[in-house]
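Observations on the three-dimensional arrangement
Listed below are the residues making up each chain.
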Amino acid sequence: MACKLREFVQRVRACKTAAEEREVIAKESAAIRTAFKDDNPKRHRNLLKLMFMHMLGYPTHFGQMECVKLIAGNSFPEKKIGYLGFMLLLDEKQELLMLVTNSIKNDFNNANQFIVGVALCAFANLCSAEMASDLAAEVSKLLQHSNPYVRKKAALCCVKIVRKVPDFGESLLRPAITLLSDKHHGVLISAIKLCIVLCQTNSTLLEQMRKETSNLVEILKNLLTSEYRAEYDCSGISDPLLQIEILRLLRLLGKADADSSDIMSDVLAQVMTNTDARKVPGSAILYECVQTVVHIEATKGLRVLAINVLGHFLSNNDNNIRYVALNMLVKIVALDLQAIQRHRSIVMECLKDADLSIKKRALDLVYALATEDNVKALTKELLEFLMNSSRDLKQDLTMKICSVIQKFASSKLWYIQNMIHLISEAGEFVKSDSLYMLIVIISNTPKLHGYTVRLLYNMVGKWKNQESFALIAIWCIGEYGEMLVNHAGELEIEDPMTITEHEVLDTLEDIAAKSKESINIRVFLLVALLKLSSRYDTCTERIKDMIENYKHSSTLEVQQRAVEFSAIILKYSSIRKVLADRIPALNETVYESKRADGAVAALGPTVRVASPPLFSENHITAPTICTKLSSTDSVNLLDLSIDKEASGQTLDGFSMLQDLLNMDTRSSSKSSPYTGISDIDKNFTEDSKEHPSTSFGNEQFLEMYSAQGPMFPSIVALQTNRLKVLFNFSKPTNNPEITMIHATYLNCSSDLCTDLMLQAAVPKFLLLKLDPASGNILLPNANGTITQCLTVTNTLHGQKPLMMRIRVTCKVNGQEIVEQAQVENFPSGV
Amino acid sequence: MIHFVLLISRQGKVRLTKWYSPYTQKERQKVIRELSGLILTRGPKLCNFVEWRGLKVVYKRYASLYFCMCIGAEDNELECLEIIHHYVEILDRYFGNVCELDLIFNFHKAYYILDEVLLAGELQETSKKSVARVIAAQDTLVENAKEQANSLTNIISQATK
């Protein structure tokens, strides 16, 4: 039983539950279906009801044929509803579209403008590519219809056709251009749209369209200067939507074309200066204008004007306008950095906005604006902002601050300060490479060791559960603990504070208590305690007790370390001092190369890039390799390519480490602490998936605590009256082909030896790499040593043993001394 | 270009949808669900633009209805806000202080008006007066046709009695 649309809607809305609604709809559906079958004359009413059901989400495909029938009818109301149903219930992919093509074609020629209009509407909204090709000719004829109502709809139908089948663009160019001179705004805007689409699809058409630039400029000028017309007025602006479209077309025409850009620059300047930006229509026009200026070949004055407009936007109260301005500024920051710098303070204000998307864009912009001059103030503001920001923004922010600090750090002190602040705030978001970088820098600046460790100690009091910060703090306290109590290396900016050793131990206990779940912290803590046990002589008992506590830990790693370390303290106190000695400065070259890129890339373990370092003081160049020796040798010696290392580093205590390793290779009982540590490195790689912030490039550690794998006896490579060269071996990686040789030089004479240099030659099947020596002055009577690392890769490992010829040159009392020897007594298995 | 227009109530009920880009029925349902979730949960102080699937969705809340339009990444968001306002003003003029109920019971009229403002995803008429005039003319046509049909049926039924 047919009811009116209104009743039906009321009935549906009166339903209290979804089930009730379904019932009502089902009943009505059935009624409508029978009505369609019976060819009920109230078809249009039923279709409307069907459309309502469709909007609620119920299946309505049985109504599609009815649409077709209604469209084929004669009266206007029926056609109207038929077309509406058609547009609503169908989509482009359906085959039923074909059935309607003929009706549409007929309707195009109807005398009634509204019927033509409705047909064009349906066509524009639903045509497929085939339909478009079929009816394109008809539609283009309609472009010249006498009625502007029809013309404008036809123009937009052409837009759709060109989008579906770009080839039709060519034939539509002429009619489109003719329409540009139309007086009716609706036709004008549709024609402009058509021109835009034509330009976008086809560049040859774009060329031809350029000739119309002056026409368009005229139209825009007229709009700007015309009197008030109520029909088109919108907050005091005459037809803003049309102005925007004209500006968009001008943008396309002026792109990469100086002439057109010239013609339009006047009117663009006029728009920018005269339009009222306080309301949305004015801002919309200005926004479009700025986009146009940015894309065409604009003069500098015009660009500055555009950026000023954006600057004004930023101080607008309306969120939307600020958002749009920030968006645009981020895109054009590359264009004119200087002009945007002026607005930096306003952008920083936007960082505090309530809207997350505005905050994000402001952050991107601030990051792009960072330069050498403003980086200090910028970092301070960003760090403050970080403290108050929400979690989702923190990650992005942290990475940006990190890369800004790394890119623009002008002094190590500033770098260390800011990185430590950053890590204490948001250490979990800082990448492990950056953490490692920080350690590298710290270890390379002995002057700042005291300052760094005191800063960290002070900040531990306020740490916010950031594990990476705790790890760095514990490591530094362990390494430089004695500087905490003896005020070593105090800088002027520091307030002197007296800390006792027991206070330091208290702090460490505190950290341990606060972070019961973190295994890494405990592990680091134990190593730090071992180091402190040799640095703080008065507290050995207490440290021993602290370590004893962990002997019963359920984590194997922690327990192992605790047991071993307490054994060292109790029984091996003689070597404890040496074991716990300072780690030599870590390799800075990788850091430098990354700084040069300004990017935060992944660390490679043994990459040594020769780029000029900014912070290091000494440059020690590695010796080049001397080539052939006497030809009587049966072994072929060739030039060997070895990386020339241009950067060096201060290597304090490197010799100590060598001694450590020497001792290490001799007695296996002391090797256990090292294997323990190397196991922990493996631990790090496994954990790195869950705790990315705490895995420290483990291969670097392996190099430090190298002494994995089988131990080899050391050999005397060269011994003369003056000089003794010792070789110690290790295989740091699991690859048996690679051997590291630690060479130690001793001056056996009683004269001072300077400019010591090693040259080595190896046969073809070996690859040799020399690291810089720790120094080149040898004190007499073996009072000092120089050490050097050589890496040999034996490509024929197992088949041929190592062989080497070495030559040492030095200056004694102004005389050049050369000693050379052939080294063949390499231990087997090396 | 405007890809689609969506009118949703505060409770998530769809009052009007118009699709200018090819979306299958299933895709449409998905889009509506996604956008409803996205837009209805936004706070009042946030800006009216949302990025979604590489496109931009511009929405504005009028009383209990959210008017959403999805535009391409290259389009002017402020212009879209203007277009939404343009449409709402025309509706207001037509219905006289339009409210959500008007749009529920007269959804077909809302569609007719939308078809006079937007076509193929582009704006076709910037003058509110023109649109009002055209809609009024079409309404008169429909009225006349209905009257004619009624009078015809009357005559026939009288004649066949």
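About the thresholds
- Per chain, residue numbering runs from 1 following the sequence as it is written.
- By the order in which they are written, chains take letters starting at A while ligands take numbers starting at 1.
- Only residues with pLDDT of 70 or above have their local features reported here, since the model is predicted, and side-chain atom pairs are shown and tallied only from 80 upward, although totals for entire chains, interfaces and linings are computed over all residues.
- To obtain the side-chain values, all non-hydrogen atoms of the structure were used and water was disregarded.
- UniProt positions are given in the numbering used here, feature names are shortened, and annotations may be inferred rather than shown by experiment.
- Elements are defined by DSSP. Helices are runs of H or I of four residues or more, strands are runs of E of two residues or more, and each kind is numbered from the N terminus.
- Accessibility here uses a 1.4 Å probe with only protein chains present; expressed as a share of the type maximum, an area under 20% marks a residue as buried, one over 50% as exposed, and anything in between as partly exposed.
- The contact rule is simple, with two residues in contact once any of their heavy atoms fall within 4.5 Å.
- Methods summary: accessible areas were calculated by the Shrake-Rupley approach with a probe of 1.4 Å, and residue burial reflects only the protein chains presented.
- For two strands to be treated as a pair, DSSP must find no fewer than two bridges joining them.
- Here a patch means residues that are over 30% exposed by relative accessible area and free of salt bridges, tied together within 9 Å if like-charged and within 5 Å if nonpolar (Val, Leu, Ile, Met, Phe, Trp, Tyr).
- Whenever Lys or Arg places a side-chain nitrogen within 4 Å of a carboxyl oxygen from Asp or Glu, that contact is recorded as a salt bridge.
- Think of each axis as a best-fit line through the C-alpha atoms, taken over the contacting stretch in the case of a helix, with angles from 0 to 180 degrees between the N-to-C directions.
- As a working definition, buried area equals the accessible area (1.4 Å probe) given up by two parts on being put together, with both sides summed.
- For this analysis, a polar contact is any N or O atom pair within 3.5 Å, provided that within protein one partner can donate a hydrogen and the other can accept it, and provided that sequence-adjacent residues contribute only side-chain to side-chain pairs.
- Think of it as three bins: nonpolar holds Ala, Val, Leu, Ile, Met, Phe, Trp, Tyr, Cys and Pro, charged holds Asp, Glu, Lys and Arg, and polar takes everything else, Gly as well.
- Two kinds of site are reported from a 1 Å grid over the protein atoms alone, namely cavities, where a 1.4 Å probe fits but cannot get out, and pockets, open sets with protein on both sides within 12 Å along at least five of seven lines, and residues are called lining when an atom falls within 4 Å of a point.
- Grid points are joined across faces, edges and corners, and a volume is the space filled by probe spheres set on the points.
- Note on angle classes: values under 35 degrees are labelled roughly parallel, values over 145 roughly antiparallel, values of 65 to 115 roughly perpendicular, and the remainder oblique.
- When the centres of two rings from Phe, Tyr and Trp lie within 6.5 Å, Trp using its six-membered ring, the rings pair. Their planes under 30 degrees apart give stacked, over 60 give edge-to-face, and anything left gives tilted.
- In this description, a nonpolar core means a group of buried Ala, Val, Leu, Ile, Met, Phe, Trp, Tyr and Cys residues linked to one another through side-chain atoms lying within 4.5 Å.
- A score between 0 and 100, pLDDT records how confident the predictor is in each residue.

Where an unreviewed UniProt entry is consulted, chain B appears under the name AP complex subunit sigma, with the organism given as Ceratopteris richardii. Under the UniProt heading Subunit (unreviewed entry), the note attached to chain B is "Adaptor protein complex 1 (AP-1) is a heterotetramer composed of two large adaptins (gamma-type subunit and beta-type subunit), a medium adaptin (mu-type subunit) and a small adaptin (sigma-type subunit)." Quoted verbatim from the Function (unreviewed entry) field of the UniProt record, the comment on chain B reads "Subunit of clathrin-associated adaptor protein complex 1 that plays a role in protein sorting at the trans-Golgi network and early endosomes (TGN/EE). The AP complexes mediate the recruitment of clathrin to membranes and the recognition of sorting signals within the cytosolic tails of transmembrane cargo molecules."

An unreviewed UniProt entry annotates chain A as AP-1 complex subunit gamma of Ceratopteris richardii. On record in UniProt, under Sequence similarities (unreviewed entry), the comment for chain A is "Belongs to the adaptor complexes large subunit family."

Another aspect to go through is the overall build of chain B. From N to C terminus, chain B includes five helices and seven strands. N-terminal to C-terminal, the α/β element order of chain B is β-β-α-β-β-β-α-α-α-β-β-α. Counting every position in chain B, which comprises 161 residues, the buried fraction comes to 56%. Counting only contacts in chain B whose residues sit at least 6 apart along the sequence, the fraction spanning at least 24 positions is 46%. Accessible area of chain B: about 7000 Å², with a carbon and sulfur share of 54%.

All names here are of chain B. The buried fraction of strand S1 (residues 2–9) is high, at eight of eight residues. Judged from the seven bridges that link them, S1 and strand S5 (residues 65–71) form a sheet pairing that is antiparallel. Across the sheet, Ile2 pairs through a bridge with Ile71, a residue of S5. As consecutive antiparallel partners, S1 and strand S2 (residues 14–19) are separated by four residues, and within that stretch Gly12 has a phi angle of approximately 90°, a positive value.

Below, the discussion takes up a nonpolar patch on the surface. Residues and elements named next belong to chain A. A grouping of Leu752, Ile777 and Leu779 is seen on the molecular surface, where their side chains present a nonpolar patch of about 260 Å² in accessible area. By the secondary structure assignment, Leu779 is in the loop between strand S7 (766–770) and strand S8 (785–794). The exposure class assigned to Leu779 is partly exposed, which follows from its relative accessible area of 41%.

Moving on: the sheet that holds S5 of chain B. Residue and element names in this part refer to chain B. What the five strands build is an open sheet, ordered S2-S1-S5-S4-S3; its pairing is antiparallel. In this open sheet, the two edge strands, each paired with only one partner strand, are S2 and strand S3 (49–52). In this sheet, neighbouring strand axes are inclined to one another by 20° on average, regardless of whether the strands run parallel or antiparallel. As paired elements, strand S4 (residues 55–62) and S5 share seven bridges and run antiparallel to each other. Residue pairing in the sheet places Val57 in a bridge with Cys70 of S5. The strands that helix H2 (residues 77–95) touches are S1, S2, S3, S4 and S5; relative to S4, the one it contacts most, it runs at about 35°. Contacts from helix H4 (residues 107–117) reach S1 and S2, with the element oriented near 35° to S2.

Our focus in this paragraph is the interface of chain A and chain B. The partner chain B presents 56 residues to the 65 residues of chain A that form the contact. Taken together, both faces of the contact between chain A and chain B bury some 5500 Å²; the carbon and sulfur share is 59%. On inspection of chain A and its partner chain B, the count reaches seven salt bridges. A salt bridge links Lys152 of chain A to Glu125 of chain B; the nearest nitrogen and oxygen atoms lie 2.8 Å apart. Viewed at the interface, chain B and chain A are joined by 17 residue pairs in polar contact (both at pLDDT 80 or more). Here the side of chain A that touches chain B takes eight residues from helix H5 (residues 76–89) of chain A, the largest share from any one element. In the side of chain A that touches chain B, the residues fall into 34 nonpolar, 13 polar and 18 charged.

Here we take up the layout of surface pockets. Computed from the structure, the largest pocket encloses a volume of approximately 1000 Å³. Looking at the lining of the largest pocket, the elements that each hand over two or more residues are helix H1 (5–14), helix H3 (43–56) and H5 of chain A together with H4 and helix H5 (128–160) of chain B. Taken together, the residues that form the lining of the largest pocket break down as ten nonpolar, six polar and ten charged. Estimated volume of the second largest pocket: approximately 540 Å³. For the second largest pocket, the lining is made up of 29 residues, of which Met55 of chain A together with Val14, Thr17, Gln29 and Ile32 of chain B are closest to its centre. Listed by contribution, the elements that provide at least two residues to the lining of the second largest pocket are H3, H5 and helix H7 (113–126) of chain A together with S2 and helix H1 (25–40) of chain B. For the lining of the second largest pocket, the leading source of residues is H1 of chain B, giving six residues. Looking at the lining of the second largest pocket, its residues break down into 13 nonpolar, nine polar and seven charged.

Our focus in this paragraph is the packing of helix H16 (residues 280–295) of chain A against helix H18 (residues 319–332) of chain A. If you want to describe how two helices pack, look at the angle between their axes and the distance between the axes. All names here are of chain A. At their nearest, the axes of H16 and H18 sit 11 Å apart, and the two run at 5° to each other. With respect to their mutual orientation, H16 and H18 come out roughly parallel. Contacts between H16 and H18 pair Ser283, Tyr287, Val290, Gln291 and Val294 from the former with Ile321, Val324, Met328 and Ile332 from the latter. In the contact of H16 with H18, the residues fall into seven nonpolar, two polar and no charged.

Another aspect to go through is the packing of aromatic side chains. A complete count under the given rule lists 16 aromatic pairs over all chains for this structure. Pairing Phe108 of chain A with Phe123 of chain A gives two aromatic rings, centres 6.1 Å apart and planes at 85°, and the pair type is edge-to-face. Placement of Phe108 of chain A in helix H6 (residues 97–108) and of Phe123 of chain A in helix H7 is noted, with a sequence separation of 15 residues between them. There is no split in this pair, since Phe108 of chain A and Phe123 of chain A are both buried. Residues Trp19 of chain B and Tyr23 of chain B carry aromatic rings whose centres are separated by 5.3 Å and whose planes lie at 55° to one another, so their mutual orientation is tilted. Here the two residues Trp19 of chain B and Tyr23 of chain B agree in accessibility, since each one is buried.

With that settled, the discussion passes to the nonpolar core. With 267 residues, the main nonpolar core has Phe123 of chain A together with Phe67 and Leu118 of chain B as its most contacted residues. When residues in this core are grouped by element, the largest group, twelve residues, is from helix H27 (residues 467–486) of chain A. Look past the residues within four positions of Leu118 of chain B in its chain and what remains in contact with it is Ile2, Val5, Tyr20, Met69, Ile83, Leu123 and Gln124 of chain B. Membership of the second largest hydrophobic core comes to 36 residues, among which are Phe712, Phe729, Leu770 and Val792 of chain A.

To continue, consider the confidence of the model for chain B. Keep in mind that low pLDDT regions are not for reading the predicted coordinates in detail. On average, residues of chain B score 90 in pLDDT, and 99% of them reach the 70 mark or higher. Per-residue pLDDT, averaged within each element of chain B, yields its smallest value for H5 of chain B (86) and its largest for S5 of chain B (95).

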